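Listed below, chain by chain, are the residues.
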Amino acid sequence: MQPTGEPHLGNLVGALRNWVRMQDDYETIYCVVDLHAMTIPYNPADLARERHDLARMILAAGVDPQRSLLYYQSEVPQHVELAWILGTITGIGQLERMTQFKEKSDRSGQNLGILAYPVLQAADILIHKVHAVPVGDDQAQHLELTRDIAERFNARFGDEFPLPERITPEIGARVMSLTEPTAKMSKSDPSPRSRILLNDKREDILKKVKSAVTDTGSEVAYDWEKKPGISNLLELFSFFSGRTISDLTDEYGSAGYGAFKAAVGESIADGLHPIQEAYAGLSDSQVSQVMESSAAIARDRAEASMVTIRERAGLV
């Protein structure tokens, strides 16, 4: 997860909650990708603060350092070393076709980092030889590139990397903007009303949901084509309440948008409250200690991987 701006509902619903659940079934490795955050113009002091705050929020959401690795990408230099090796077998045309490259290059100007960061992302995954990656719809293309790069390395230098599979949550794989429900909720959206931050106060959450753009008519129905605004709120309601969408539409189908939005806002505020309490209870020194100890373990693990990777690539 990139430390750019404050974490919002999309980060929790699309990633963090599933990160927490996956600790029960997998050996899990999570990373604050501060090097990726450098591909657009940034303030160094903001980057230092935001990466620390994001690590704190990840811990508050329930990622347990006793069961998972959680570290800053920049503190495990093997990520960058592997990215260079993988970059030598990745085609420029592949990178230019990446959707996010087309979007970001227009906004912030051309630079090598924006073009090449999917290769670093592949290295983030392959350095630990993982078997599965939790990704939303927006990152599916990047995972396919990772699999392609791994196949190419294996074919040229010998079997080294497993091909990671995609894990996508059934509900909440995409969280859309509250002001433009056909666009993804984003930290870069100029309107603060478009997103709910994980540290938003209850009254702010209720106001944002109340003013969320919905659709014509008054029926609460789950239909992404005809009612994207209501469908987005229904997915959030289902996520935070634990109830099925069909159950919610049965209850609120004819209740009107006002009553429905009020219930959605309360559910979100209630769901975020324990995370906010845990966040407030973590000290800076506690967060730093977790990140330092995990980075040391991750470096040892990554170096063990690089030994055979270097041998296969002729770097011995």
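Residues numbered from 1 in each chain as written. Predicted model: local features only at pLDDT ≥ 70, side-chain atom pairs only at ≥ 80, totals over all residues. Heavy atoms only, no water.

1. What to know about the nonpolar core
- Formed by 52 residues in total, the largest nonpolar core has its most connected members in Leu9, Phe240, Phe260, Ile268 and Leu272.
- Residues in contact with Leu272, not counting those within four places in the same chain, are Leu9, Leu12, Ile196, Leu197, Leu198, Ile205 and Phe240.
- Core analysis: the second largest hydrophobic core is formed by 36 residues, Leu95, Leu115, Val133 and Val135 among them. (Core = buried A, V, L, I, M, F, W, Y, C linked by side-chain atoms within 4.5 Å. Buried < 20%, exposed > 50% of the residue type's maximum accessible area, 1.4 Å probe, protein only. Contact = heavy atoms within 4.5 Å.)

2. With respect to the pattern of salt bridges
- Counted according to the given criterion, the structure contains 19 salt bridges.
- In this structure, Arg49 engages Asp53 in a salt bridge whose closest nitrogen and oxygen atoms are separated by 3.9 Å. With Arg49 and Asp53 both in helix α2 (residues 44-61), this residue pair falls four residues apart, about one helical turn.
- According to the relative accessible area criterion, Arg49 is partly exposed, its value standing at 42%.
- A relative accessible area of 23% means that Asp53 is categorised as partly exposed.
- Ionic pairing is found between Glu160 and Lys129, a salt bridge with its closest N-O pair at 2.6 Å. (Salt bridge = Lys/Arg side-chain N within 4 Å of Asp/Glu carboxyl O. Helix = DSSP H or I, 4+ residues; strand = E, 2+ residues; numbered from the N terminus.)

3. Thoughts on the pairing of strand β2 (residues 68-72)
- Among the five residues that make up β2, five are buried, leaving the element largely enclosed by the rest of the structure.
- A two-sided burial pattern is seen for β2, the buried positions comprising Ser68, Leu70 and Tyr72 on one face and Leu69 and Tyr71 on the other.
- Pairing analysis gives five bridges linking strand β1 (residues 28-32) to β2, with the strands arranged parallel. Bridging from a neighbouring strand, Ile29 pairs with Leu69 of β2. (Pairing = 2+ DSSP bridges.)

4. So, the side chain of Gln121
- With respect to the helices, strands and loops of the structure, Gln121 is situated in helix α6 (residues 112-126).
- A polar atom in the side chain of Gln121 sits 3.1 Å from the side chain of Gln139.
- Beyond its immediate sequence surroundings of up to four residues, Gln121 is in contact with His36, Gln139 and His142. (Polar contact = N/O pair within 3.5 Å; in protein donor to acceptor, adjacent residues only side chain to side chain.)

5. A closer look at the packing of helix α9 (residues 228-241) against helix α10 (residues 245-252)
- Packing of α9 against α10 brings their axes to within 9 Å, and their N-to-C directions diverge by 110 degrees. As judged from the angle between their axes, α9 and α10 are roughly perpendicular. For the crossing formed where α9 meets α10, the hand is right-handed. From α9, Leu234, Glu235, Phe237, Ser238 and Ser241 reach across to α10, where they touch Ile245, Leu248, Thr249 and Tyr252. (Axes fitted to C-alpha atoms, helices over the stretch in contact; angles between N-to-C directions. Parallel < 35°, antiparallel > 145°, perpendicular 65-115°, else oblique. Left-handed = near helix turned anticlockwise from the far one by under 90°.)

6. Points about the packing of aromatic side chains
- One pass over the structure, following the stated rule, counts seven aromatic pairs.
- Through successive ring pairs, a cluster of aromatic residues spans Phe153, Phe157 and Phe161.
- Sitting above the plane of the Tyr72 ring, Arg51 keeps its charged end 3.9 Å from the centroid.
- The ring of Tyr279 carries the charged tip of Arg56 above its face, separated from the ring centre by 4.0 Å. (Phe/Tyr/Trp six-rings, centres within 6.5 Å; stacked < 30°, edge-to-face > 60°. Lys NZ or Arg CZ within 6 Å of the ring centre and 35° of its normal.)

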